[in-house]
Amino acid sequence: RFGQQSVVDAHGEYEFFGPRGIAIGDDGSIYVTDTGNKRVLVFGPQGEFQREWGGGGVLDGYLDEPVGIAIGPDGLVYVADTWNARVQVFDAQGDFVRQWPLEGLEELTIEDKPHIAVDSRGYVYVTDPSEYRVLVFDSFGEFVMAFGQYGFDDRSFAYPTGVAIGQADEIYVTDARSGRVLIYDPLFVER
């Protein structure tokens, strides 16, 4: 158990406020989006605090309601920055690398929280719950495709929230309002 305010830390540096996303780096570091505090916290494999970055704002490197977080095959950290309607990319130390807008996510409601995953080829998947789809980008933010629509069949979503990538790059999407997990084959798109 970690992330709670400790007795020796009177400043509350490690206290979470609505953490939403978690990712594990190749070295075992644990990256957590501390959504309410508008930051990313990084802990060692045993839960020891290492560093943080972010803080509320709209400039590069600042966050507003960070939710989804993923580590790419390049070791970069991808964060779905909800209220800024963008993906921000950081190096493992938290230094800003690049960003791109999430077109169509500007009109989000309090329930719409984009989650993010990155496959072994560097494709970035972002859920767009209120539009019933998953957006796919290359690792530099170029739009590749979107998949999904409203419905309850095997190609549709009622409210896609979480997304994860399996060992063979299969795509797992949790669909909150239909109470299921959908699994898709890896994208056939070649880089």
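What you see is a predicted model, and the numbers here were worked out from it, not measured in a lab.

Visitor: Is there a simple way to think about the overall build of the protein in this case?
Guide: Per the secondary structure count, the protein includes 0 helices and 15 strands. Every one of the 191 residues in the protein was classed for burial, and the buried ones make up 49%. Here the contacts in the protein between residues at least 6 apart in sequence split such that 39% fall between residues at least 24 apart. Entry remark: accessible area of the protein is about 9,500 Å², with carbon and sulfur atoms responsible for 51%.

Visitor: How should the sheet that holds strand β13 (residues 160-165) be read in this particular structure?
Guide: The pairing of strands in a sheet happens through backbone hydrogen bonds and is either parallel or antiparallel. Read from one edge of the open sheet, 3 strands run β13-β14-β15, paired in antiparallel fashion. Looking at which strands have only one partner, the edges of the open sheet turn out to be β13 and β15 (180-184). Ignoring strand direction, the axes of neighbouring strands in this sheet form an average angle of 20°. In terms of strand pairing, β13 meets strand β14 (residues 171-175) through 4 bridges, oriented antiparallel. Pairing of V163 across the sheet is with V173, part of β14.

Visitor: Any chance you could explain the confidence of the model for the protein here in plain terms?
Guide: Note that predicted coordinates carrying low pLDDT should not be read in detail. Counting all residues, the mean pLDDT for the protein is 89, and 87% of those residues have values of 70 or more. Under a pLDDT of 50 for its full length, residues 5-10 has, in the predicted model, 4 contacts with residues more than four places off or in other chains.

Visitor: I keep staring at the nonpolar core and nothing clicks. Help me out?
Guide: Burial of nonpolar side chains together is a common tendency in soluble globular proteins. Counting residues in each nonpolar core, the largest one holds 14 residues, and the members touching the most others are Y78, V87, W100, I116 and V124. For this core, the elements supplying multiple residues, two or more each, are β6 (77-81), β7 (86-90), β9 (116-118), β10 (124-128) and β11 (133-137). Apart from residues no more than four positions distant in its own chain, V87 is found in contact with Y78, V79, R98, Q99, W100, L102, I116 and V126. In terms of nonpolar packing, the next biggest core, distinct from the first, is built from 13 residues, Y125, V136, I171 and L182 among them.

Visitor: Got a minute to help me understand the sheet that holds β9 in this structure?
Guide: Strand order in the open sheet formed by 4 strands is β9-β10-β11-β12, and the pairing between neighbours is antiparallel. The sheet is open, and its two edges are formed by β9 and β12 (143-147), each paired on a single side. Between one strand axis and the next, the sheet turns through 20° on average, direction left out of account.

Visitor: Mind showing me how you'd approach unusual backbone geometry here?
Guide: It is generally the case that most residues other than glycine have a negative phi and that most peptide bonds are trans. In this model, K38 sits at a positive phi of 60°, which is unusual for a non-glycine residue. Mapped onto the secondary structure, K38 falls in the loop between β2 (30-34) and β3 (39-43). In this structure, Y132 takes a positive phi of about 60° despite not being glycine. Here Y132 lies in the loop between β10 and β11.

Visitor: I'm lost on the layout of surface pockets in this one. Help?
Guide: In this approach the atoms are scanned with a rolling probe the size of a water molecule, which exposes any empty space left behind. Quantified by volume, the largest pocket comes out at close to 390 Å³. Lining the largest pocket are 24 residues, and of these A70, I71, A117, V118 and I165 lie nearest its centre. Elements that contribute at least two residues to the lining of the largest pocket include exactly β1 (19-24), β5 (66-71), β9 and β13. Ranked by residue count, the leading element in the lining of the largest pocket is β1, at 5 residues. Considered class by class, the residues forming the lining of the largest pocket number 13 nonpolar, 7 polar and 4 charged.

Visitor: Can you help me understand the environment of G55 in this one?
Guide: Looking at where G55 falls in the secondary structure, it is placed in the loop between β4 (49-54) and β5. As a C-alpha pair, G55 and P66 span 11 residues in sequence and 9.9 Å in three-dimensional space. Setting aside its immediate chain neighbours within four residues, G55 contacts K38, R39, Y62 and L63.

About the thresholds
Residues numbered from 1 in each chain as written. Predicted model: local features only at pLDDT ≥ 70, side-chain atom pairs only at ≥ 80, totals over all residues. Heavy atoms only, no water. Helix = DSSP H or I, 4+ residues; strand = E, 2+ residues; numbered from the N terminus. Buried < 20%, exposed > 50% of the residue type's maximum accessible area, 1.4 Å probe, protein only. Contact = heavy atoms within 4.5 Å. Areas by Shrake-Rupley, 256 points an atom, 1.4 Å probe, with all protein chains shown as cover. Pairing = 2+ DSSP bridges. Axes fitted to C-alpha atoms, helices over the stretch in contact; angles between N-to-C directions. pLDDT = per-residue confidence, 0-100. Core = buried A, V, L, I, M, F, W, Y, C linked by side-chain atoms within 4.5 Å. 1 Å grid on protein atoms, 1.4 Å probe; cavity = no way out; pocket = protein on both sides within 12 Å on 5 of 7 lines; lining within 4 Å. Points joined across faces, edges and corners; volume = space filled by probe spheres on them. Nonpolar A, V, L, I, M, F, W, Y, C, P; charged D, E, K, R; others polar.

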